[in-house]
Amino acid sequence: MYDAKIIPIKLIDARATPRESGESALIHRLSNFTGVLHDALQRPMLDLRISVTDRCNLRCTYCMPREIFDKNHVFLPRPELLSLEEIARAAQIFTSLGVRKIRLTGGEPLLRRGIEKLVEKLSALRTLNGEPVEIAMTTNGVLLAAKAQALKDAGLSRITVSLDGLDQAIFARMSDSNAEVKSVLAGIAAAQRAGLSPIKVNMVVKRGVNDGEIMPMAEYFRNTGVILRFVEYMDVGSSNGWVMDEVVPAREVIDLISTRYPLHPIDANCTGEVASRWVYADGAGEIGQIASVTQVFCHECTRIRLSTDGKLYTCLFAEQSGTDLRALLRQDSSDETISDAIINSWQNRTDRYSEIRHEVPAFPRNKIEMSYIGG
Ligand code: SAM
Ligand code: SF4
Ligand code: SF4
């Protein structure tokens, strides 16, 4: 029914001379998806990120600085949040348009009441090929120990846990909270026992704050099956006071680790994967880098985001409020009307903020906060 609106897939002649940049090889790979919605730059819509709450039990300085997210901060009142049923309906429509992976995030997704029920509803969804949709979650892990098994039983496919250091004082400084490293480690262990493997751990690195934790973290997770990924500190939102000097380029991290433990790069798992992957030469496992600042990947960004209150965003660095899907959901709109809104939003997408961040330093000014848009 929607085929007429889907941009015809551009077939690239594999015999044509590829451009040096590798861009044509990438487009060639992306072209292999049929029936999937493509944006104005020919990027397929494959991944949906849903922020299930704008609240959090931590106050990471790079995400929800306490000066802004203090006791006077007004979080979304409950009626403004998409209900679990609304999220599930929207997700079903997204999968009918080609989405094959859904990530639940926030804010802290484990604070959302009924999160296991939501996972259960979403795990019944199928991709255009009839395969189960992959349901993933990103969590700070503080509440994970008690919930890992229930999430697995509900159908969660994979989990990413954010942890910025093993040293309690440094962790406290990064998360600006009294939460304990040992609770997060217990959450990771519980997720492993529940079979949510391979577990990924994301570490945001801020120069002068937790860069001394790079080696201890690498050593802790070697030989555990957990994939540690080093994330460059990004200028997301408008409140974290980001400066380039505090960014530790991912390459620097890889170079540091490889002085002690030699590493080899390996291929991406799938289209749209943002992490570069490396394996230890001695067989101790895999690590990754997410270099959103120094090695941008807008050209293969396949992500659409649904905010806590049901707005659509086609870029993490959006400045303006996206299409109001909640209004459509609450007006009893048909699936077709809601699909049209999503199609319109994706087909008009030209976002590539990370590629132009240094060209237009003062732009954008009012970026949406990550906890609301979904990290
Ligand atoms: N609360 C959950 C958590 O921390 O995993 C999920 C939401 S959080 C916004 C999702 C991810 O975004 C986390 O891995 C966090 O470290 C990352 N993040 C938040 N702000 C960031 C920033 N300014 N730069 C890089 N990564 C950031
Ligand atoms: Fe909360 Fe996650 Fe943001 Fe930290 S990164 S403040 S845990 S939402
Ligand atoms: Fe995707 Fe926007 Fe990030 Fe580029 S800046 S990778 S378009 S979310």
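The structure we're discussing is the one just above.
Reading the values: the criteria
- Residues numbered from 1 in each chain as written.
- Chains lettered and ligands numbered in written order.
- Predicted model: local features only at pLDDT ≥ 70, side-chain atom pairs only at ≥ 80, totals over all residues.
- Heavy atoms only, no water.
- Salt bridge = Lys/Arg side-chain N within 4 Å of Asp/Glu carboxyl O.
- Buried < 20%, exposed > 50% of the residue type's maximum accessible area, 1.4 Å probe, protein only.
- Helix = DSSP H or I, 4+ residues; strand = E, 2+ residues; numbered from the N terminus.
- Axes fitted to C-alpha atoms, helices over the stretch in contact; angles between N-to-C directions.
- Parallel < 35°, antiparallel > 145°, perpendicular 65-115°, else oblique.
- Left-handed = near helix turned anticlockwise from the far one by under 90°.
- Contact = heavy atoms within 4.5 Å.
- Nonpolar A, V, L, I, M, F, W, Y, C, P; charged D, E, K, R; others polar.
- Near = heavy atom within 4 Å.
- Polar contact = N/O pair within 3.5 Å; in protein donor to acceptor, adjacent residues only side chain to side chain.

Engineer: Explanation requested: the pattern of salt bridges in the structure shown.
Structural biologist: Any two side chains of opposite charge can pair, on the condition that their charged atoms come close. Counted by the stated rule, this structure contains 18 salt bridges. We note a salt bridge from aspartate 39 to arginine 43, for which the minimum N-O separation is 2.7 Å. Like arginine 43, aspartate 39 is buried. The partner of arginine 222 in a salt bridge is aspartate 282, and the shortest N-O contact between them spans 2.7 Å. One end of the pair, arginine 222, is in the loop between helix H7 (214-221) and strand E6 (227-232); the other, aspartate 282, is in the loop between strand E8 (276-280) and strand E9 (286-290), with 60 residues separating them in the sequence. Residue aspartate 282 is classed as exposed on the basis of its relative accessible area of 51%. Via salt bridges that share partners, Asp39, Arg43, Arg349 and Asp351 belong to a single interconnected network.

Engineer: Sorry, what's going on with the packing of helix H3 (residues 115-122) against helix H4 (residues 144-154) here?
Structural biologist: When two helices pack together, their arrangement is given by the angle between the helix axes and the distance between those axes. Look at H3 against H4: their axes get within 8 Å of each other, and the N-to-C directions meet at 25°. On the basis of their axis angle, the class for H3 and H4 is roughly parallel. Taken as a pair, H3 and H4 cross one another with a handedness that is right-handed. Residues Ile115, Glu116, Val119 and Glu120 of H3 form the contact with H4, whose own contacting residues are Lys147, Ala150, Leu151 and Ala154. Of the residues belonging to the contact of H3 with H4, the class tally is 5 nonpolar, no polar and 3 charged.

Engineer: Teacher, can you tell me more about the site of ligand 1 here?
Structural biologist: Around ligand 1, a shell composed of 20 residues is seen, among which Tyr62, Gly107, Thr139, Ser162 and Met234 lie nearest. At 3.2 Å, a side-chain N or O of glutamate 108 approaches a nitrogen atom of ligand 1. Contact distances for ligand 1 include 3.2 Å between an oxygen atom and a backbone N or O atom of threonine 139. Those elements that place two or more of their residues in the shell around ligand 1 are strand E3 (134-139), strand E5 (200-205) and E6.

Remember that the coordinates give geometry; whether it matters functionally is a separate question.
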